[in-house]
Amino acid sequence: MTDRAFLVQLEGYGLTTAEICYFRPDHPSLLQIYAWQEYDAAPDFPVLFDFLAHWRREIEAEIKSVRIAHEKMIRPASWRSADGVISWD
């Protein structure tokens, strides 16, 4: 069984975290924060924008701001051989 998180990282997705600041219509002076985390593709963030579209359609809360952090995608390890010796005389 292969880990889903590993497979999506191979496809170029990276761990994305969004801090969503919002308020409810019945308490507009109370700003709340929702933390969202999923694997997504930067810079377009299709998974996040689908979630935000769902939020706007289904949740009775107005989004004030969204702050996004994205982990770089997984890459193959790189190496190179070094010929020679470094000495500290």
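Undergrad: Hey, could you go over the packing of aromatic side chains for me, with residue numbers and the actual values?
TA: With the rule as written, the count across this model stands at 5 aromatic pairs. Note on Y34 and W55: the rings are 5.8 Å apart at their centroids and 65° apart in plane angle, and the pair reads as edge-to-face. Of this pair, Y34 sits in strand β2 (residues 27–40) while W55 sits in helix α2 (residues 46–58), and the two are 21 residues apart along the sequence. When its relative accessible area of 4% is taken as the criterion, W55 is described as buried. For the pair W36 and F51, a centre-to-centre distance of 5.8 Å together with 25° between the ring planes defines the contact as stacked. Of the two residues, W36 is situated in strand β2 and F51 in helix α2; the sequence distance between them amounts to 15 residues. A single burial state applies to W36 and to F51, both of which are buried. Taken together, Y22, Y34, W36, F51 and W55 form an aromatic cluster joined through their ring pairs.

Undergrad: How would you sum up the sheet that holds strand β1 (residues 14–24)? Please name residues and give values.
TA: The antiparallel open sheet is built from 3 strands, whose spatial order is β2-β1-β3. At either end of the open sheet lies a strand with only one pairing partner, and these are β2 and β3 (62–70). Direction aside, neighbouring strands of the sheet carry axes that sit 15° apart on average. One ladder, built from 10 bridges, connects β1 with β2; its direction is antiparallel. Looking across to β2, one finds that Y22 is bridged to Q32. Across the sheet, α2 lies against β1, β2 and β3, angled at about 145° from β2, the strand it touches most.

Undergrad: So, the side chain of D40: which residues are in play, and what are the values?
TA: Its location among the elements puts D40 in strand β2. R4 is the oppositely charged side chain nearest to the buried, salt-bridge-free D40, at an N-O distance of 9.1 Å. Reaching out from D40, the side chain makes a polar contact with the backbone nitrogen of L48 at a distance of 2.8 Å.

Undergrad: An account of the nonpolar core is needed here, citing residue identities and associated values.
TA: Core analysis: the biggest nonpolar cluster contains 11 residues, these being A18, I20, Y22, W36, F45, L48, F51, L52, W55, A61 and I63. Only β1 and α2 provide two or more residues apiece to this core. Top element by residues in this core is α2. It accounts for 4 residues. Excluding anything up to four places from it in sequence, A61 contacts Y22, F23, R24, P25 and W55.

Rules of the game
Residues numbered from 1 in each chain as written. Predicted model: local features only at pLDDT ≥ 70, side-chain atom pairs only at ≥ 80, totals over all residues. Heavy atoms only, no water. Phe/Tyr/Trp six-rings, centres within 6.5 Å; stacked < 30°, edge-to-face > 60°. Helix = DSSP H or I, 4+ residues; strand = E, 2+ residues; numbered from the N terminus. Buried < 20%, exposed > 50% of the residue type's maximum accessible area, 1.4 Å probe, protein only. Pairing = 2+ DSSP bridges. Axes fitted to C-alpha atoms, helices over the stretch in contact; angles between N-to-C directions. Contact = heavy atoms within 4.5 Å. Lys, Arg positive; Asp, Glu negative; His and termini not counted. Salt bridge = Lys/Arg side-chain N within 4 Å of Asp/Glu carboxyl O. Polar contact = N/O pair within 3.5 Å; in protein donor to acceptor, adjacent residues only side chain to side chain. Core = buried A, V, L, I, M, F, W, Y, C linked by side-chain atoms within 4.5 Å.

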